[in-house]
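Examination of the molecular architecture
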Amino acid sequence: MNEIVLEEGVKKLGTRAGVQQIGSQRLKEKLIEKFFLLNGMLAILILGGIFALLFFKAYPAFQELGVIEFFGSPVWNPTSYSKAQYGILSLINSSLMVTLGALLIAIPLGVACAAFLSDIASLKMREILKPAIEILAGIPSVVVGFLGIVLVNPMISRVFGVSHGLTALNGSILLAIMSLPTIISLSEDALRAVPPSYKEASLALGASRWQTLVRVSVPSALSGIIAAIMLGMGRAIGETMTVLMATGNAPALTFNFLEAIQTMTATIAIELGEVPYNTTHYYALFVIGLVLFAMTFVVNLISDLILQKYQEGER
Amino acid sequence: MKKKCAERIGFALLSSAAVLVILFLGIILWDIIGNGLGVISWPFLTQSPREGMTEGGIFPAILGTFLVSLITVVFAVPLGMGAAIYLNEYALAGRMTRLTRLAIRNLSGVPSIVYGLFGVVLFVQMMKFGTSVLSAGLTLALLTLPLTITASEEALKTVPKSYREGALALGATQWYAIRTNVLPYAVPGMLTGVILGLARAAGETAPILFTGAAFFLPHLPKSLFDQFMALPYHLYILATQHHDIAKVRPIAYGTALVLLGLILLLSTSAIYFRYRYRQRMRS
C-alpha cells in the first residue's frame, strides 16, 4: 500500500475510499500484467502470422495450378506469351547450390578461426579479431553484393576465363563471408564451453596441444559447432540482396558453379515489384516465399534444438 | 618430433584462417573507403540527384533512411521492451514461456525477404497504408523486434534481484517495483539494443523493396504515406539497375561508403555504450 501513500499522497487507509482504492490498485496491477503478457506473446503471434499470411496468399496458386506444377518441373517462366510455367525446382536448386558452396568455404575457415580464438590467440590477437568479426557481421548485404559486382566478378572471370563472373561461385564466396561471423562466434562459444578438465587430462597424458584440440576439444564441442553451421546455413539460404546482385539471375537448372543462376530469394525480389497484386504470378511468388520460410524454419529449429539440448547438458 | 611438427603446421593453418578473415574485412573496407572517399563532399551529402542520377548528391536517400529507421525504432522499441519485461519479470518457467523464446529465436532467422512479403500483405494491402515510409518502417520494426527483445532482456538481467526484492518487501506492487527499481537501471543497457536495431534497419534492403522504397523521387516525402528513397536501395539501383552503370560507379561507391560509415558509427557506439554500462553495473 506504500504506493498509494507515495504516489498520490492519499492518507485514507482504512476508510471506505481507501479500500476502494486498494481494489482499483489490484485491478490496475492485473491489467498491467495482462498488457505485458500480450506483449510477450507478440513473437508467437508474428511467427504464426507470417506463416498464415504466406499460406493464405500461396493457396490460390496451388488451387489454380496444382502442387505438381510447382514441384514437378524445373522451368520457371511465368511471363511466357505462349504458356506460363511455374516450376520452382531450378530456383530451389540454385539456392541450395550457393548455400552448399558457401558452407564449403565457410566451415573450414570459420571453425579454424574459432579454434584459433579459443585455443591459441593471445589476448591482443583476440582484441583485434573479435571486433573485426563484429564489424564483418554488421556490413549490410547490399554492400557485400556491390563488392561481388566490382571485386569478385572481374576476379572470377579472369581466373576461370569465363565471360563474366556473375555466377553461383560469386554468390558462394560472398555468402561464405557473410555467414562467417555467425559460424565463428557460435563455434567459439561451443569450444569454450568444453570443460577444462578434458583438455587437462589429455595434456597430462602427453598429447600435444594440437592433438588435444583435434581429438578432444572439437569432438566434445561438435554438437555446438554443428548448430553454428546450421544457423549460418539458414542465413545463407535466406540471404537476398547479395545473391540478387552477384549471381547473374538466369533461372536454369544447372550444377555448374561457373554459370549464372537465380535463387528463390532473388526471384521474389525481382518479380514482386513488377506483377500486379493478386494475380496468379503474384500468388506463385508467395509459394516460393512459403517454401523458403519452411526451409529456413526447419534449419533454424534443428539448430535450436541442438543448442538447447547442448546447453542443458552443460548444466 | 613428429608430434611437434604436426602441431606447428596445425597452428599455422589456424592462424592463417584468422588472418584470412581479417584480410576479408580489410579488403572490403579498403575498397569502399579508397574508392568512395574522393566522392564525398558537402554537396554530395546535401543535394538531390540530378541528370538521371549521374550528377548531384544523395540527400533524399540519407533522409529517407533516417526517417524509416526512426519509424522502426518508434514501433520496435516499446514492443521489444514490453516483451522483455514480460519474459524477465512476469513470466513463469513453463511451456508457454519456452514456446515464446523459441518463437523469438526463430523469428530472428526468418529471411528478410519473407518479412518483405509479410509487410506487403499486412501493411500495404490489408491495412491499406500503400507503399509508404510507414509500411516500410513497420516491416522493419517486425524484423528488428527479436533483436530489441533480446537486448532489452539482457539489460534487465543485469539488474540485481535484490533491487526488486527490496521494493517488494517494503510493500510496493510488482509494477511499482519494476518502474522505480528496475527500469531506471536497465534503460541505459536497453539503449544498446535500440542502436543495434537502428543499425540493422538502416542497412536492410529486401524488406523495403516492395513496401515503400522508390527508385527516384523528385521531392522529399511529405507524410507517412509517401514513398521514400533509401541508401541501401539507392546503392542497389546504382549498382545494377541504372542505364549507365559505368558512369554512376563513383556515386555508387560514395553511397556505399556513407551507408557503411553510418552503420559502423551506430554499431561502434552501441559497443561503446555496452562497455561503459557493464563497467558501471560492476562497480
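On a predicted model such as this, the values are computed, not experimentally measured, just so you know.

Thresholds, definitions, all that
Residues numbered from 1 in each chain as written. Chains lettered and ligands numbered in written order. Predicted model: local features only at pLDDT ≥ 70, side-chain atom pairs only at ≥ 80, totals over all residues. Helix = DSSP H or I, 4+ residues; strand = E, 2+ residues; numbered from the N terminus. Rg over C-alpha atoms; globule rule 2.2 N^0.38 Å. Buried ≥ 20, exposed ≤ 12 C-beta atoms within 10 Å, placed from the backbone. Contact = placed C-beta atoms within 7 Å. Core = buried A, V, L, I, M, F, W, Y, C linked by C-beta atoms within 7 Å. Domains from an automatic or database assignment. Nonpolar A, V, L, I, M, F, W, Y, C, P; charged D, E, K, R; others polar. Expected span 1.5 Å × (residues − 1). Bend = angle between axes of the 7 residues up to and from the residue. pLDDT = per-residue confidence, 0-100. Axes fitted to C-alpha atoms, helices over the stretch in contact; angles between N-to-C directions. Parallel < 35°, antiparallel > 145°, perpendicular 65-115°, else oblique. Left-handed = near helix turned anticlockwise from the far one by under 90°.

Let's talk about the overall build of chain A
- Tallying secondary structure elements over chain A gives 13 helices and two strands in all.
- Relative to its length of 315 residues, chain A is extended, with a C-alpha radius of gyration of 27 Å against a globular reference of 20 Å.
- Reported as C-alpha extents along the three principal axes, the dimensions of chain A are approximately 90 × 70 × 35 Å.
- Split into buried and exposed, the 315 residues of chain A put 45% on the buried side.
- Across chain A, the fraction of contacts at a sequence separation of at least 24, relative to all contacts at a separation of at least 6, is 71%.

Section: the overall build of chain B
- In terms of helices and strands, chain B carries 10 helices and two strands.
- Across chain B, helices and strands are ordered from the amino to the carboxyl terminus as α-α-β-β-α-α-α-α-α-α-α-α.
- C-alpha atoms of chain B, sized along the principal axes, occupy 75 × 70 × 35 Å.
- Going through the 283 residues of chain B one by one, you find that 51% of them count as buried.
- Once local pairs closer than 6 in sequence are excluded, the contacts in chain B between residues at least 24 apart make up 75%.

Structural notes on the nonpolar core
- Among the nonpolar cores identified, the biggest contains 190 residues, and C113 and V143 of chain A together with V68, L235 and A256 of chain B are the most heavily contacted of them.
- Looking at which element gives the most residues to this core, the answer is helix 4 (residues 89-120) of chain A, with 16 residues.
- In terms of domain composition, this core takes at least three residues from each of domain 1 (2-65) and domain 2 (76-314) of chain A.
- Other than its neighbours up to four places away in sequence, V68 of chain B contacts V133, A136, G137, L140, A201, I208, F228 and A230 of chain B.

Let's talk about the interface of chain A and chain B
- Taken together, the contacts link 68 residues of chain A with 73 residues of chain B.
- When residues in the side of chain A that touches chain B are grouped by element, the largest group, 18 residues, is from helix 2 (residues 16-65) of chain A.
- Looking at side-chain class alone, the side of chain A that touches chain B contains 46 nonpolar, 15 polar and seven charged residues.

Side note on the environment of N278 of chain A
Residues and elements named next belong to chain A.
- Within the fold, N278 resides in the loop between helix 12 (264-271) and helix 13 (280-314).
- According to the C-beta neighbour criterion, N278 is exposed, with 10 such atoms within 10 Å.
- Each C-alpha atom of the pair N278 and K57 lies 8.2 Å from the other, and the pair is 221 residues apart in sequence.

Some remarks on helix 7 (residues 168-192) of chain A
All names here are of chain A.
- For helix 7, built from 25 residues, the straight-helix expectation of 36 Å at 1.5 Å per residue is met to within 8% by its first-to-last C-alpha distance of 35 Å.
- For helix 7, the principal kink sits at S179 and spans about 40°; a proline, P181, occurs within the next four residues.
- Within helix 7, 22 of the 25 residues are buried, leaving the element largely enclosed by the surrounding structure.

Topic: the domain arrangement of chain A
Residue and element names in this part refer to chain A.
- When cut into domains, chain A gives domain 1 (2-65) and domain 2 (76-314).
- Summarising the inter-unit geometry, the C-alpha centres of domain 1 and domain 2 are found 39 Å apart.
- Its residues placed into classes, the side of domain 1 that touches domain 2 shows eight nonpolar, no polar and two charged.

Digging into the environment of P181 of chain A
- Locating P181 of chain A in the fold gives a position in helix 7.
- Spatially, the C-alpha atoms of P181 of chain A and A52 of chain A are 32 Å apart, while their sequence positions differ by 129 residues.

A look at the confidence of the model for chain B
- Within chain B, residue pLDDT values average 88, and 99% of them lie at 70 or more.
- Of all the helices and strands in chain B, strand 2 (residues 55-56) of chain B carries the lowest mean pLDDT, 79, while helix 5 (residues 112-126) of chain B carries the highest, 93.

Digging into the packing of helix 7 (residues 161-169) of chain B against helix 8 (residues 174-203) of chain B
Residues and elements named next belong to chain B.
- Between helix 7 and helix 8, the shortest axis-to-axis distance is 9 Å and the interhelical angle comes to 155°. Between helix 7 and helix 8, the angle is such that the two are roughly antiparallel. In the crossing of helix 7 with helix 8, the sense of the turn from one axis to the other is right-handed. Here Y163, R164, G166, A167 and L168 of helix 7 come into contact with helix 8, specifically with Y176, A177, T180, N181, V182 and Y185.
- A per-class count over the contact of helix 7 with helix 8 returns seven nonpolar, three polar and one charged.

With respect to the packing of helix 6 (residues 141-160) of chain A against helix 9 (residues 231-241) of chain B
- At a closest axis distance of 10 Å, the pairing of helix 6 of chain A and helix 9 of chain B adopts a crossing angle of 15°. Accordingly, the angle class assigned to the pair helix 6 of chain A and helix 9 of chain B is roughly parallel. Handedness of the crossing formed by helix 6 of chain A with helix 9 of chain B: left-handed. In this structure, helix 6 of chain A uses V142, F146 and I149 of chain A to contact helix 9 of chain B, whose residues at the interface are P232, L235, Y236 and A239 of chain B.

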